[in-house]
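Each chain, written out:
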Amino acid sequence: MRVGLLGGSFNPAHQGHIHASEQALKQLRLDYVWWLVSPQNPLKATRGMVSFAKRLEAARGLSRHPRIVVTGIEKTLGTRFTIDTLRALRRRFPGIRFVWLMGSDNLVEVPRWRNWQAIFCLVPVAVVARTGSALDSRVSKAATRFKAAFRPADSSFAEAKPPALTILDAKRDPTSATGLRAASTSRS
């Protein structure tokens, strides 16, 4: 089985998450995408963060796709950092081929993550091009570091030996949680 992992705060979950998941399902021929709703992203402030339970519930309410599974497994595993979550998931589910999914904005920011290079060496990484960061991501520190690891976005990507990196480029969904929160605040 091939499963894409889309981690994040989901503060709030939105159409862009669904779009990214659907692109990964289609282009990489994944069986499922699991949304890993983070109890608390270590790089984000707690101020303005909706409770974990409410974010998880809202994500489950938004996603009606039969192959998108919304989970709070990081809370169960007791992990805070992506690298630790990936290691725990691989131990718990040794028969699943995982692919880490991230937006192009995160490819630019990933060098701030704990043991970021180890993530790329543990599982294939697929980057969903997002409005405003697609170009920057292609010349980012991570893209440069793993330039030799670029592979086509196709049905064999999930089986690629890490490091493996691909870009999922399609019509872009401009929705962002930051924009949604700002719009909500301005209406208040």
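Going by the structure above, here's the rest.
Residues numbered from 1 in each chain as written. Predicted model: local features only at pLDDT ≥ 70, side-chain atom pairs only at ≥ 80, totals over all residues. Heavy atoms only, no water.

Novice: Describe the layout of surface pockets, listing the residues and the values that go with them.
Specialist: There is about 150 Å³ of room inside the second largest pocket. Lining of the second largest pocket is provided by 14 residues; of these, Arg90, Ile96, Arg97, Phe98 and Leu122 occupy positions nearest its centre. Taken together, the residues of the lining of the second largest pocket sort by class into 10 nonpolar, no polar and four charged. (1 Å grid on protein atoms, 1.4 Å probe; cavity = no way out; pocket = protein on both sides within 12 Å on 5 of 7 lines; lining within 4 Å. Points joined across faces, edges and corners; volume = space filled by probe spheres on them. Nonpolar A, V, L, I, M, F, W, Y, C, P; charged D, E, K, R; others polar.)

Novice: An account of the nonpolar core is needed here, citing residue identities and associated values.
Specialist: Among the nonpolar cores identified, the biggest contains 31 residues, and Leu5, Trp100 and Phe120 are the most heavily contacted of them. With four residues, the single largest contributor to this core is helix H6 (residues 116-122). Setting aside residues up to four positions removed in sequence, Phe120 forms contacts with Leu107, Val110, Val125, Ala142, Phe146, Pro162, Pro163, Ala164 and Leu165. (Core = buried A, V, L, I, M, F, W, Y, C linked by side-chain atoms within 4.5 Å. Buried < 20%, exposed > 50% of the residue type's maximum accessible area, 1.4 Å probe, protein only. Helix = DSSP H or I, 4+ residues; strand = E, 2+ residues; numbered from the N terminus. Contact = heavy atoms within 4.5 Å.)

Novice: Before we move on, could you go through the sheet that holds strand S2 (residues 32-37) and cite the residues and values that matter?
Specialist: The strand order across the open sheet built from six strands is S3-S2-S1-S4-S5-S6, with neighbouring strands paired in parallel fashion. Of all the strands in the sheet, just strand S3 (68-71) and strand S6 (165-168) have a single pairing partner and so form its edges. Across the sheet, the mean angle separating the axes of adjacent strands is 25 degrees when strand polarity is ignored. As paired strands, strand S4 (residues 97-103) and strand S5 (residues 125-128) are joined by four bridges and run parallel to one another. Bridged to Gly103 within S5 is Val128. (Pairing = 2+ DSSP bridges. Axes fitted to C-alpha atoms, helices over the stretch in contact; angles between N-to-C directions.)

Novice: Describe the environment of Phe98, with residues and values.
Specialist: Topologically, Phe98 is positioned in strand S4. The class for Phe98 is buried, based on a relative accessible area of 4%. Excluding anything up to four places from it in sequence, Phe98 contacts Val3, Leu5, Trp34, Leu89, Arg90, Phe93, Val123 and Pro124.

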